[in-house]
Structures are given as structure tokens and as C-alpha cells.
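Chain by chain, the residues:
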There are 2 protein chains.
Amino acid sequence: MYKGTSAHTEEVSSPLEKVYRFVDSHRDEFLQGLSKLLAQPSISTLGVGINETAKMLMDVMEESGLRTRKIETSGHPLIYGDAVVGPDKPTVLIYGHYDVQPVEPIDAWATPPFQPTIRDGRIYARGAGDNKGQLYAQLMGIRSLTEILGNVPANVKCIFEGEEENGSPHLEQVVMDNKSLLKADLAITADGPLHESGRPLIVFGVRGMVYVELTARGANRDLHSGNWGGPIANPVWRLVRLLNSMKDVKAGRVNVSGFYDRIKPITVEEMKALRAIPLDREGISRELGIRLSELPEGEDYYTKLMTEPTLNICGIYGGYTGAGTKTIIPSKATAKLDARLVPDQDPGEVFGRLEKHVAEHGEGIEIKKLGSMRPSRTPLDNPFSSVIADAMRSATKKEPIIYPSLGASLPDYIFTRILGIPSFITPYANHDESNHAPNENLKIENFIQGTKCCASILTHLAGDRR
Amino acid sequence: MYKGTSAHTEEVSSPLEKVYRFVDSHRDEFLQGLSKLLAQPSISTLGVGINETAKMLMDVMEESGLRTRKIETSGHPLIYGDAVVGPDKPTVLIYGHYDVQPVEPIDAWATPPFQPTIRDGRIYARGAGDNKGQLYAQLMGIRSLTEILGNVPANVKCIFEGEEENGSPHLEQVVMDNKSLLKADLAITADGPLHESGRPLIVFGVRGMVYVELTARGANRDLHSGNWGGPIANPVWRLVRLLNSMKDVKAGRVNVSGFYDRIKPITVEEMKALRAIPLDREGISRELGIRLSELPEGEDYYTKLMTEPTLNICGIYGGYTGAGTKTIIPSKATAKLDARLVPDQDPGEVFGRLEKHVAEHGEGIEIKKLGSMRPSRTPLDNPFSSVIADAMRSATKKEPIIYPSLGASLPDYIFTRILGIPSFITPYANHDESNHAPNENLKIENFIQGTKCCASILTHLAGDRR
């Protein structure tokens, strides 16, 4: 593994400033290019416009100085592109996705989702923030470096997949099959929003997940609760009893034996980082409409969100769910739960623990696994951390916030576990990007800043600011 | 109160046999009359055909020897009719209803619901069993007595309401307003099915009910469980915890303080009756598709069904209830529960206990009362019991089964509590009448038997078999 640079505290050299000025002077051209990419639909779940987008993306990558190839999967293709400068420089693997979410509800869009429109300093379109805008910013970063410096300062490998919004069903296999092609020193993902303060984020991991469905069954049909109630058992009560046995709700602790096994204690650096994240409790309380007293205080908030597992009921249903009354003993009841997992919990092992608990405390209740993803975390003190922080500082003129982890889950383990490299998530979108929602947008300022960040990261990693 | 007769063990005298023979010989005519009444829709929830049916019913009642009047309510009218023989004879209040359930799903009917059709010894039509067929059988019993004997042997008062399938919203008020008109020594309701063995039933009460809805609220919208899970509480968990605190599911005991207060111990006669009810555990297990081991044994089955209260979850829902996965912290969760009550539990008091429990164990969870009905029970050793049993034995040639109570709820308290008289439910429909369902039907044999039962009950009550 490449060993970083110790020069990251020095002042940013003039060539990178030239790149920044090039970016600023090409702002309209870059925006036009992005508009063209955004105008091309690429809805992965519907299979709309995938090949057209892949082709267009490969053209942009080639124009930016990357040699490209298409990696076919049994789903949508993955686009690979690289620019090599030499084995004495580190290699960065940049991950992104060119597919987008569906556009429904279409009536809620102020302008059509595939007719990119600029207003109030933002570009509105499906995919503006998630993820075409951020992906394109990185390509323009690479292009600007190539224009000004003649080449990229560090080796770059890009993988842009077309199935992220569909759960990345083929990404792991592609990476397993192309380990040597994808060999790199670190991975960078630019997806998601910045901190609500506008300060840049460097995220060092994600929580994993296991998703289960519990089903309790009673009679073969709903029964009249008057004619049968008493002698005939109710499956909803059995499900409630099982669920209650799985968690001490008041203490917020999961009561499934072995659930907390294998959790690595957080490090001193992680604890410090958690303490340093600004928390606007009043703002959250207002935004969610919940009482301030219900929110954890201080670093507890981010400790619970980023470094502790959860067991959460996503949905529960059984019997009559309409208005008013219906007097029945329901035939069955179902609960859907996700457990967010932290390093080094293993989704398969946790599912086994849940299965055992259900067998012991919920006789006859069925448990099914509906999905899983491994957690991932890159140590805060890895050799690239301060380089990337310096690079972000240089490009944004703001102090980055360090997130030891997202609360959410992404296939980050593919980099940290399968490729065995550190992985950094550096989101460039504005906090209110409305991803997965109508009127998705990206602030132009953020788009330009993302372009500069990419250029800055590659330059800083090379230890080379000429 | 009229003091019954001690002659009820004697052999049935010949005049009643004459009435039975009259019924048998007028079977086709009675069936034609019933067909006409069934062909006239009277769907109370839709307000369809109510006045036409009320008019038709009054005509039949007049032809049967009753003086009728219509009692208007702010809903559908109640039809009253009486035949008076003298103050030395007991007065029977016969309750029934002329409204019917909606017919959906219409496609599932083999013949149209308002085109009465006879096949395989049954008459098929909406209302055949519930309740026009049973009501008409009673009127034909009165008519047959009048034809053969010149008058009814006991005083008869009929009230037939048009809103039973709508929850009898005006019945209590009408009865309160007409206490002296409705003054009687006992009440008879012929509704519901016979025991599955085909033996006649005499039912001495009903369970009461209180219906509540519990709502737990979290944030003002569903939240991404990755982005918020940990620091933000989940209202489904809070609801599960509250529900679990309300019942020891394994022991089947309600854990709400004071819930079991006021319950009258069952009497020796009731215990004997519970033991004497035939229980086909294998049949129930097969019918419901549940394991035999899940069914209580011996008299426990009917003890739990008829003489113990329940707390039952009719429905529960919150968050994602579709197929597959969605990872959210639901914004709210709701549970609907009915508690079936036994004498002398009071629905208002029980609701107060539930409210208190929720306040103590489910902070912030809302409880609403959606409905209630008082329980009712007539003592098994009341002076009319053996008279009615003798009458049923005479008319059916079978040994009646005594139910101390139904598991279900009916406004029976109106007779026992408001009018202060004993009340008997004597169902005449076949066990598979499919009430509230497509292809509702009444076996012709049961219809004729119901006619004879009515004649027999009035004759036996008069102690007069001439």
C-alpha cells in the first residue's frame, strides 16, 4: 500500500490554484455537459435509458482523459475508466453510479425531471445530486487536472455502476472477478449530502444491515372475536410477546443473546470525532416534530447513530387496518425489522442469533431474511486521512467534519473487505438535494466545489503540488 | 312477574299437536310468504328498501293476528305488534330485525340474493337465516295458533327493528321511551344458528364489549432507518411494549389493574351447563387449521368462551406493510382491541381501567373508545327456563343444549337491564346458514321447526295446552 505523504500541512502550491481557476472559468461549459447527462434518463429499476447513458458517460470519460471499458453483468453494465501516471504514485478507485431513482410523483416536479433547469443557483433534474452531478464533478476534476498539468497527478480508476438504486446486485461479483484490474490504494465515493452547516464531510464507514420478516399464524381465516375469543389464540399477541422479548425498549437495548458480540470498541480518535460533530438538537426537534427531551444529548446522538447497532421495526401489520371497528381474531401478523450493524458484527451470524431467539421465544413464528449488508469502517488514523482532510480544506476553504460512519448502509465493505483498502465517502451535494424525491437539485456552487475537491484530493495524494 | 307453570313435564296435549299438523300442511304457503319477504331488499347500511319492507312486514303481522304500529326513530323505523289474551297470562316480548347485511361479493352468489331460490331443501336469499326467516317463522307460529285456537295462548308483543345490522343505534332509546308499551315477563330472540349437532339451543346471555384504539406517534413523517435509527425512538416499539404490558400472553391473563373486578363467579348450574355442551375439538381443529394441542379441553373451552373476559387485538399496523423491504422508522403505529366482558363488568369502568393503564405504561400513547356494549345474563334457574326447554323439546323432539352465554355481543342488556326481564335467545337457523356471507340460506326443515317452536313456547308459557 502506498504510504501517503507527510507534506499535507504545507500551503497549497500554485499549480492546484491554476486548476481551481480553470474550473471557475469553465463553469458554464461543465454545467452544459452535466445538463446533457441529466437530460438522458437512466432509471435502473425500469431499465430505461441505461445503454444510452452508459455510452454517453464513456464518451465524457474518454474526453476527460480516461481509457474506458464496459464491464457487462447479468444486469446493467458497469463502466470502468483509468488514467495511469506511474507505479510510484498512489492509485485511487473512484466509485459512483449513473443510474437514477424513478421520478414519481411526477406532478410534484416544478420542471420536468429530465429537462434540467437552472434557477436560484441550482440545477434541477433527477440525478442532479444522486449521483450524476457528483460523478460528473469528479470527471471534470480529472479533466481540469489533465488540461492544466498534462496528466493526472495520481493513478485513477473509476467504476460507475448502473444498479445502485436497485441495491447493487452485481457489484460484489464484478469486484471479485476483477480484483487485479481494480487494485488500488484507497477508494473514494462521492455520494450523499454535506453536513447541514455546509461544511464538507469525510465519512469513514457505514453501518451494515440485516432485514428480517417475522410471521405469526393462527387459524386459516380471520375469526369473529365474539364467537371464538377466549379458547382460540391470537397470533398478533404472540408476535407482540416475541417482539417485546427482543428489546428492552425503555433502555434501548437489544435482548437477543449474542447480538452485541464481536462489536469493536470505538477508538479514542472516533470518540473525539463524534464529540466534534456539530449537533443542532433544536433544529432536529423542530424538523421532526418531536420533543427536545426525546433526543439524546451531546455526543450520545452521534454515538448511537454511527457506532451502535439497532433493532428497528420498519413495519407491523395484522388483522383489521381500516377505519372504525371490526371485531376479529386475525389469521396472521407480520413484522418487518432491520438491524443496523457496526464493525465487526456479521449479518449472517446476527441472523442466526435472531433465528435462535425466535425459536426459543416465539414458538411457531416464522423468520425469513429479506436482505443483508456487511458493515464497514476505515480507521480514522489511516495514512490517507489527513491528506484527504487537507485536500478538502484547500478546495472548500472550510474545516471538514469527520464522520466515523454513516448511520445508513452502503456497499462500502466491497472496498474495505474485498479489496482490503481504506475507503472514504466525500459527499459534495447540498444538504437539501432532495434525492429520491421530486425537485432533486444540486447547488452549482456545490458542483463546482466537488470538481475542485476531486482535483485537490488527487493532487494532495500524489504529494505533488508542482 | 308471572310465575310460570309446574305442568311442563306432562305430555304435550293434543291442541298443540294440531297446530304442528297445521304448520306441516301449510308449509308451501308459509314458504311462499317468506319468499315474498326475502325478495324485498332491506339493506340498512345502504338505506335500501327499508320502508317497503316495514310496510310488507306490518301486513304479514296484521294477517297473523297482531295489531301493529310503526315506531319512528331518527334512523329506520321499528315495527311493533301485539296480541293480548289477558292479564292472567304471561307476556312475551319477541325481538327480531327485518334489515339485512349488504350482499357483496355479489359474484359469489349461486343465485341472486334477492331472488329467493329453493334447492336441496334450503331457501337461498339474503336474510334467509339472518333474520327474516326466523322472524317470519315466529309470525307463522303466532298465525297457526290463532287459526287453530282462535287466539294466542299468551300475550305477545313483537319488536322488529330495522337497524340491527347497523349496530342498533336507536333501540335503547326506543325501549327507554316505551317502557310501559314493552312491559313483558320475558324476552325471546330468535337469531343465529343452532348447535352444529342440530340440537336446539337456549342461550341465557351474551358477553359485553368495549372497543379501543391505541395510537403511538413518533416523528412527523416516516424516517430513513439508517439516517435516524439509534437516536430517534420508534413508536412501534413503544406500542409493542405497552401491549405486552397489558396481557400475560402465555398465561392468557389480562394484566390491567382492576380488569377482573366485579366479575360474578359462575353458578353451579352454569358450570353444569358448560360441562354438558358437546365439544368437537377434532372438528374445530380441522375447520380452523390449528393444532389440536392449541385448543382447551373439556369444559375449559366453553368456560373461556362464555364466562371469561378477553382482551383481543383485532388489528395492528404501522410503517411499511407492502411486499419486500423498506427501511423506515414509522411515524405512527395503531392497534385496535376489543375486550369481551362478562357480568357484571361495566364497559365504561373497564375503559377507565384501560385508560389508566395506558397513562402509566405507555406515555404519550393515545387511547380512544370506538364502541361498547354491556354484558347480559339471565340466571339459568329463572322460572321460565324449564318451560322453554320443555317447549323446545316438544317442537323439535330433541334435547336442547343450554348455553349460559354467547361468546359474542348482542344488545340483550336492553331486556335484562332496561326492562329488567329474563331474556332467552333461541336460534332456529341451521349451523351453516352463511349469515353475513354469500349464499345465505335457511333449511326448510329449520324454518318449519322454528314455526313450531314459537307456537310451542307460547303454549307452554301459558300453561295451557287445551
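Residue numbering note: each chain is counted from 1, following its sequence as written. Naming scheme: in the order in which they are written, chains are lettered from A and ligands are numbered from 1. Owing to the predicted nature of the model, reporting of local features is limited to residues with pLDDT of at least 70; listing and counting of side-chain atom pairs is limited to 80 or more, with chain, interface and lining totals taken over all residues. Heavy atoms throughout the structure, all of them, feed into the side-chain values; hydrogens and water do not.

1. A look at the overall build of chain A
Labels follow the DSSP assignment, with helices taken as runs of H or I lasting at least four residues and strands as runs of E lasting at least two, numbered in each case from the N terminus. Secondary structure assignment for chain A yields 14 helices and 21 strands. Our radius of gyration looks at C-alpha atoms and nothing else; its globule reference is 2.2 Å times the residue count to the power 0.38. Taken over the C-alpha trace, chain A has a radius of gyration of 24 Å; the compact-globule value for 466 residues is 23 Å, and the two agree within 12%. Burial classes follow relative accessibility: with a 1.4 Å probe on protein chains only, a residue under 20% of its type's maximum area counts as buried, one over 50% as exposed, and anything between as partly exposed. Evaluated residue by residue, chain A yields a buried proportion of 60% over its 466 residues. Considering only contacts within chain A whose residues lie at least 6 apart along the sequence, 81% involve residues at least 24 apart. Where the 53 positive side-chain charges of chain A centre and where its 59 negative ones centre are 3 Å apart. Whether two residues are in contact is decided by their heavy atoms, any of which lying within 4.5 Å being enough. As used throughout, the charge tally considers Lys and Arg to be positive and Asp and Glu to be negative, leaving His and the chain termini uncounted. All charge positions are set by atom: Lys at NZ, Arg at CZ, Asp at CG, Glu at CD.

2. Focus on the sheet that holds strand β17 (residues 366-373) of chain A
One open sheet holds the eight strands; their spatial order is β17(A)-β10(A)-β16(A)-β14(A)-β14(B)-β16(B)-β10(B)-β17(B), and the pairing between them is antiparallel. Bordering the open sheet on either side are β17 of chain A together with β17 (366-373) of chain B, each of which pairs with just one other strand. Across the sheet, the axes of successive neighbouring strands diverge by a mean angle of 15°, strand direction being ignored. Axis definition: a line fit to C-alpha positions, over the contact stretch in the case of helices; interaxial angles, taken between N-to-C directions, run 0 to 180 degrees. Strands in contact with helix α11 (residues 347-361) of chain A are β10 (208-217), β16 (332-341) and β17 of chain A; relative to β17(A), the strand with the most contacts, it is inclined by about 165°. Of the strands in this sheet, β10 (208-217), β16 (332-341) and β17 of chain B are in contact with helix α11 (residues 347-361) of chain B, which crosses β17(B) at around 165°. Whether two strands pair depends on DSSP finding at least two bridges between them.

3. Brief notes about the relation of the copies chain A and chain B
Expressed as a screw operation, the relation of chain A to chain B combines 0.0 Å of axial shift with a rotation of 180°, fitting to an RMSD of 0.1 Å. Such a turn and shift between the copies fits a two-fold axis. Closest to the rotation axis within chain A is the C-alpha of A:Y317, separated from it by 2.1 Å. A shared binding surface is used by both copies, with 99% of the interface residues of chain A retained as interface residues in chain B. Superposition of the copies was done by least squares, using only C-alpha atoms of residues whose pLDDT is at least 70 in both.

4. Digging into the pairing of strand β1 (residues 67-71) of chain A
Residues and elements named next belong to chain A. As paired strands, β1 and strand β2 (residues 78-83) are joined by five bridges and run antiparallel to one another. By the bridge assignment for β2, R69 is matched with Y80. Between β1 and β2, which pair antiparallel one after the other, the connecting turn spans six residues.

5. Topic: unusual backbone geometry
In the segment running from A:D130 into A:N131, the intervening peptide bond is cis, with an omega of 10°. Along the chain, A:N131 falls in the loop between β5 (122-124) and α4 (132-149). Along the chain, B:P343 connects to B:D344 via a cis peptide bond; the corresponding omega equals 0°. The residue B:D344 is located in the loop between β16 and α11 in this model. Backbone geometry places B:S434, a non-glycine residue, at a positive phi of 55°. Topologically, B:S434 is positioned in the loop between β20 (423-425) and β21 (441-443).

6. Concerning the environment of A:I142
All names here are of chain A. Assignment of secondary structure puts I142 in helix α4. As for I142 and L458, which are separated by 316 residues in sequence, their C-alpha atoms are 8.4 Å apart. Excluding residues that lie within four positions of it along the chain, I142 makes contacts with S64, L66, I94, V152, V156, C158, C454 and L458.

7. Concerning the domain arrangement of chain A
Residue and element names in this part refer to chain A. Parsing chain A into structural domains produces domain 1 (5-206 + 375-461), domain 2 (208-265 + 307-372) and domain 3 (267-297). Each partner contributes to the interface: domain 1 provides eight residues, whereas domain 2 provides 10 residues. Across the domain 1 to domain 2 interface the summed buried area is about 660 Å²; carbon plus sulfur atoms make up 55%. Note on definitions: buried area is the accessible-area loss of two parts on being combined, 1.4 Å probe, summed for both. Summed over the three residues of domain 1 that lose the most area to domain 2, namely P375, R377 and S409, the buried surface amounts to 71% of that side. When a carboxyl oxygen of Asp or Glu lies within 4 Å of a side-chain nitrogen of Lys or Arg, that pair is called a salt bridge. Inspection of the domain 1/domain 2 interface yields one salt bridge. Across the salt bridge formed by R417 and D344, the nearest N and O atoms sit 3.4 Å from each other. Definition of a polar contact: a pair of N or O atoms within 3.5 Å, with one able to donate and the other able to accept a hydrogen when the atoms are protein atoms, and with sequence-neighbouring residues admitted only if both atoms are side-chain atoms. On inspection of domain 1 and its partner domain 2, the count reaches three residue pairs in polar contact (both at pLDDT 80 or more). Basically, the charged four are Asp, Glu, Lys and Arg, the nonpolar ten are Ala, Val, Leu, Ile, Met, Phe, Trp, Tyr, Cys and Pro, and anything else, Gly included, counts as polar. The class makeup of the residues in the side of domain 1 that touches domain 2 is three nonpolar, three polar and two charged. Here the limits of each domain have been adopted from an automatic or database domain assignment.

8. So, the environment of A:T68
Residues and elements named next belong to chain A. Mapped onto the secondary structure, T68 falls in strand β1. Measuring from C-alpha to C-alpha, the distance between T68 and Y20 comes to 26 Å, with 48 residues separating the pair along the chain. The residues touching T68, leaving out its near neighbours within four places in the chain, are M58, M61, E62, Y80 and G81.

9. A closer look at the interface of chain A and chain B
Listed as interface residues are 71 residues of chain A and, on the opposing side, 70 residues of chain B. Among the residues chain A hides against chain B, the three largest losses belong to A:P231, A:W237 and A:L288. Together they make up 14% of the total. At the junction of chain A and chain B, the tally comes to four salt bridges. The shortest N-O distance in the salt bridge between A:E287 and B:R221 comes to 3.0 Å. Run the count over chain A and chain B and you get 34 residue pairs in polar contact (both at pLDDT 80 or more). Residues that form the side of chain A that touches chain B fall into these classes: 33 nonpolar, 22 polar and 16 charged. The pairing of strand β14 (residues 312-319) of chain A with strand β14 (residues 312-319) of chain B spans five bridges and is classified as antiparallel. Among the inter-strand pairings, A:I316 is bridged to a residue of β14(B), identified as B:G318.

10. A word on the confidence of the model for chain A
Each residue gets a pLDDT score, which is the predictor's confidence in that residue and runs from 0 to 100. Mean pLDDT over chain A: 94, with 97% of residues reaching 70 or higher. The low-confidence segment residues 1-10 of chain A, where pLDDT is below 50, has 22 contacts with residues more than four positions distant or belonging to other chains.

11. Observations regarding helix α8 (residues 268-276) of chain B
Three- or four-residue spacings in an α-helix give side chains the same orientation, since the helix completes a turn every 3.6 residues. Residues and elements named next belong to chain B. Three or more residues of α8 are buried, namely E270, A273 and L274. Taken end-on, α8 shows its buried residues confined to a sector of 100°, consistent with a single buried face. In α8, those exposed residues whose orientation departs by more than 90 degrees from the buried face are V268, K272, R275 and A276. Buried residues belonging to α8 abut α10 (300-307), β18 (376-377) and β19 (401-403). Working definition: the arc comes from the directions between the helix axis and the C-beta atoms, pointing outward to the latter.

12. Overview of the sheet that holds strand β21 (residues 441-443) of chain A
All names here are of chain A. Pairing is antiparallel across the open sheet formed by three strands, whose spatial order is β4-β5-β21. The open sheet terminates on both sides in strands that have one partner only, identified here as β4 (117-119) and β21. Across this sheet, the average inter-strand angle for adjacent strands is 25°, counted without regard to direction. Alignment of β4 against β5, held across three bridges, turns out to be antiparallel. By the bridge assignment, T117 is partnered in β5 with Y124. Each of β4, β5 and β21 touches helix α14 (residues 444-461); the most contacted strand, β21, lies at about 70° to it.

13. Considerations on the packing of aromatic side chains
In this analysis, rings of Phe, Tyr and Trp, with Trp reduced to its six-membered ring, are considered paired at centre separations within 6.5 Å, and the interplanar angle assigns stacked below 30 degrees, edge-to-face beyond 60, and tilted for intermediate values. Taken as a whole and assessed by the stated rule, the structure comprises 14 aromatic pairs over all chains. When the centroid spacing of 5.3 Å and the interplanar angle of 75° are considered together, the rings of A:F204 and A:F424 count as edge-to-face. Pair noted here: A:F204 is in the loop between β8 (201-203) and β9 (205-206) and A:F424 is in strand β20 (residues 423-425), with a separation of 220 residues, a long-range link. Each member of the pair, A:F204 as well as A:F424, is classed as buried. In this structure an aromatic cluster arises from ring pairing among A:Y301, A:Y302 and A:Y403. Over a ring means this: the NZ of a Lys or the CZ of an Arg is within 6 Å of the ring centre and within 35 degrees of the ring normal. Taking the ring centre of B:Y260 as reference, the NZ or CZ of B:R253 above it sits at 4.0 Å.

14. Let's talk about the pairing of strand β3 (residues 91-97) of chain A
Residue and element names in this part refer to chain A. The buried fraction of β3 amounts to seven of the seven residues, a majority that puts the element mostly inside the structure. Here seven bridges tie β3 to strand β6 (residues 155-161), and the two strands are oriented parallel to one another. Paired with V92 across the bridge in β6 is V156. Sheet topology note: the β3/strand β7 (residues 186-189) ladder contains four bridges and is parallel. Looking across to β7, one finds that L93 is bridged to A187.

15. Section: the side chain of B:E440
Residue and element names in this part refer to chain B. When you line up the elements, E440 lands in the loop between β20 and β21. For E440, the side chain forms a polar contact with the main-chain nitrogen of A128, separated by 3.3 Å. There is a polar contact of 2.8 Å between the side chain of E440 and the backbone nitrogen of D130. Discounting chain neighbours no more than four positions away, the residues touching E440 are W109, I123, Y124, A125, R126, G127, A128, G129, D130, E433, S434 and N435.

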